[in-house]
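Reading the structure
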Amino acid sequence: MEGRTDLTDQSTFTADEVAMFYDQLEEFFSAVLGESIHYGYWPDGIDSPSLTDAQDRLTALLGEKLALGPEHRLLDVGCGTGRPATLLAEALGCDITGITIAERQIEAADQRAAAAGVADRVRFQLADAMGMPFADDEFDAVLALESLLHMPDKKRALAEEHRVLRPGGLLVIADFFETKPLPPGTVPDAAVDVLPNHVPPPLDEMTGLVREAGFEVTEVLDITEQTRRSGEAILAAIGSYRPAVDSVQGKRIAEQVQQAIPLIVEHAQEHTGYVVLTARKAVSA
Ligand SMILES: C[S@@+](CC[C@H](N)C(=O)[O-])C[C@H]1O[C@@H](n2cnc3c(N)ncnc32)[C@H](O)[C@@H]1O
């Protein structure tokens, strides 16, 4: 694969580089974040520190927004290693196709779905969200759980999500948005850019992109406060992590990311919020 290997370069990452990032860090992510690669959700009154429980609560919340049943087909864009899709298949009974740009995630995802006994209705494949191998109108709903942040061309990704949805179908996005930009002229700390494409747009810009892609935005649910504990949960997990990655390069990148995480978390806490955005494709064009 072409491309830089120095992941502290601050220019935009390509889809190939995002794939390399996840393929090389799969062991790292499962050690630090568990089976899901996303933030957790702590609604008022829930105090348990478990990141896994909180991640599963976020997945359950997205399941409520999707409101699908056994007769429906869901596309999970950026499926990771398959825990969200597996949980949603169990909870909703729907048919799910998950796509990821990182090849190594597919094997783990397939194994997870098989172990949960849902492999008959859940499958995973390698595909780029910015050019999907699916027919127009193929799905009843699309989920983008922390995948839009990685897209170098968000307009293209949203246009594709719109194309593969049937008229009236739902798009549910869970992602970060920028709340407080760095003051003009400030150069972000290089370590903050270790994560590919992670600096998100402000909420109004993100909502605007979704509308421009042809969707009607039906709900914008700001859960910044309810996801805030994710930062400290990740920091606690990272504190006890010791790299055990096979390849020398993978180990080097894991160490880079491990060192960068406190800064990334600090940046995320100060400069980003978290939204669940629900949108509908118009019934008639
Ligand atoms: C932060 S992880 C979230 C994974 C999963 N949704 C979860 O919550 O466990 C981002 C995911 O987006 C995928 N991804 C990033 N860029 C992509 C692209 N261009 N096309 C398809 N998937 C992509 C990554 O491979 C990874 O699976």
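Cut-off values and rules
Residues numbered from 1 in each chain as written. Predicted model: local features only at pLDDT ≥ 70, side-chain atom pairs only at ≥ 80, totals over all residues. Heavy atoms only, no water. Helix = DSSP H or I, 4+ residues; strand = E, 2+ residues; numbered from the N terminus. Buried < 20%, exposed > 50% of the residue type's maximum accessible area, 1.4 Å probe, protein only. Contact = heavy atoms within 4.5 Å. Areas by Shrake-Rupley, 256 points an atom, 1.4 Å probe, with all protein chains shown as cover. Phe/Tyr/Trp six-rings, centres within 6.5 Å; stacked < 30°, edge-to-face > 60°. Polar contact = N/O pair within 3.5 Å; in protein donor to acceptor, adjacent residues only side chain to side chain. Pairing = 2+ DSSP bridges. Axes fitted to C-alpha atoms, helices over the stretch in contact; angles between N-to-C directions. Near = heavy atom within 4 Å. Nonpolar A, V, L, I, M, F, W, Y, C, P; charged D, E, K, R; others polar. Salt bridge = Lys/Arg side-chain N within 4 Å of Asp/Glu carboxyl O.

Going by an unreviewed UniProt entry, the chain carries the name Methyltransferase domain-containing protein and comes from Saccharopolyspora elongata.

**Comments concerning the overall build of the chain**
Scanning the chain for helices and strands turns up 10 helices and 7 strands. Relative to its 285 residues, the chain shows a buried fraction of 54%. Intrachain contacts of the chain at a sequence separation of at least 6 include 78% that bridge at least 24 residues. About 12,200 Å² of surface is accessible on the chain, with carbon and sulfur atoms providing 52% of the total.

**Regarding unusual backbone geometry**
For Ala67, which is not a glycine, the phi torsion comes out positive at approximately 45°. One can find Ala67 in the loop between α3 (51–66) and β1 (73–77). A residue is classified by how much of its surface remains accessible, and Ala67, at 57% relative accessible area, is exposed.

**Here we look at the packing of aromatic side chains**
In the structure shown here, the tally under the stated rule is 8 aromatic pairs. Relative to Phe176, the ring of Tyr39 has its centre 4.8 Å away and its plane inclined at 85°; by these criteria the two rings are edge-to-face. On the criterion of sequence distance, the pair formed by Tyr39 in the loop between α2 (26–33) and α3 and Phe176 in strand β5 (residues 165–178) is long-range, its members being 137 residues apart. With respect to class, Tyr39 is no different from Phe176; both count as buried. For the pair Tyr39 and Tyr274, a centre-to-centre distance of 5.7 Å together with 5° between the ring planes defines the contact as stacked. Remark: Tyr274 occurs in strand β7 (residues 272–281) and Tyr39 occurs in the loop between α2 and α3; sequence separation between them is 235 residues. When its relative accessible area of 10% is taken as the criterion, Tyr39 is described as buried. Owing to a relative accessible area of 1%, Tyr274 belongs among the buried residues under this scheme. Connected via pairs of aromatic rings, a cluster forms that spans Phe21, Tyr22, Phe28 and Phe29.

**Focus on the side chain of Asp95**
Among the structural elements, Asp95 can be located in strand β2 (residues 95–100). At 2.8 Å, the side chain of Asp95 and the side chain of Arg123 are in polar contact. Apart from the residues lying within four places of it in its own chain, the contact partners of Asp95 are His72, Arg73, Leu74, Arg121 and Arg123.

**A look at the sheet that holds strand β6 (residues 215–222)**
The strand order across the open sheet formed by 7 strands is β3-β2-β1-β4-β5-β7-β6, and the pairing between neighbours is mixed. The open sheet has two free edges, formed respectively by β3 (122–126) and β6, since each of these has just one partner strand. The average angle at which neighbouring strand axes cross in this sheet is 20°, direction not considered. Of the pairings in the sheet, the one linking β5 to β7 comprises 9 bridges and is antiparallel in character. Each bridged residue has a counterpart across the sheet, and for Phe176 the counterpart in β7 is Tyr274. Its contacts with the sheet place helix α6 (residues 154–164) against β1, β4 (139–145), β5, β6 and β7, and it is angled at close to 150° to β5.

**So, the site of the ligand**
Looking at the ligand, there are 22 residues lining it, with Ile37, His38, Gly78, Thr100 and Gln105 nearest. The backbone of Ile37 places a nitrogen or oxygen atom 2.8 Å from an oxygen atom of the ligand. For the ligand, an oxygen atom lies 2.8 Å from a polar atom in the side chain of Thr100. For the ligand, whose accessible area on its own is 590 Å², the fraction buried by protein is 99%. Here the residues of the shell around the ligand are counted per class, giving 12 nonpolar, 8 polar and 2 charged.

**Here we look at helix α4 (residues 83–92)**
Here α4 lies mainly inside the structure; 7 of its 10 residues are buried. Looking at α4, one finds that the buried residues are Arg83, Pro84, Ala85, Thr86, Leu88, Ala89 and Leu92. Next to the buried residues of α4 lie α3, β1, β2, α5 (103–115), β3 and β4. Two residues or fewer after α4 comes Gly93, characterised by a positive phi angle close to 75°.

**Examining the pattern of salt bridges**
Following the criterion strictly, the structure yields 17 salt bridges and no others. Of the charged contacts in the structure, one is a salt bridge between Lys65 and Glu219, with a shortest N-O distance of 3.0 Å. You can see Lys65 sitting in helix α3 and its partner Glu219 sitting in strand β6, a full 154 residues away along the chain. Using a relative accessible area of 28% as the deciding quantity, one classes Glu219 as partly exposed. Connected through salt bridges with shared partners, the residues Glu35, Asp56, Arg83 and Arg112 form a single ionic network.

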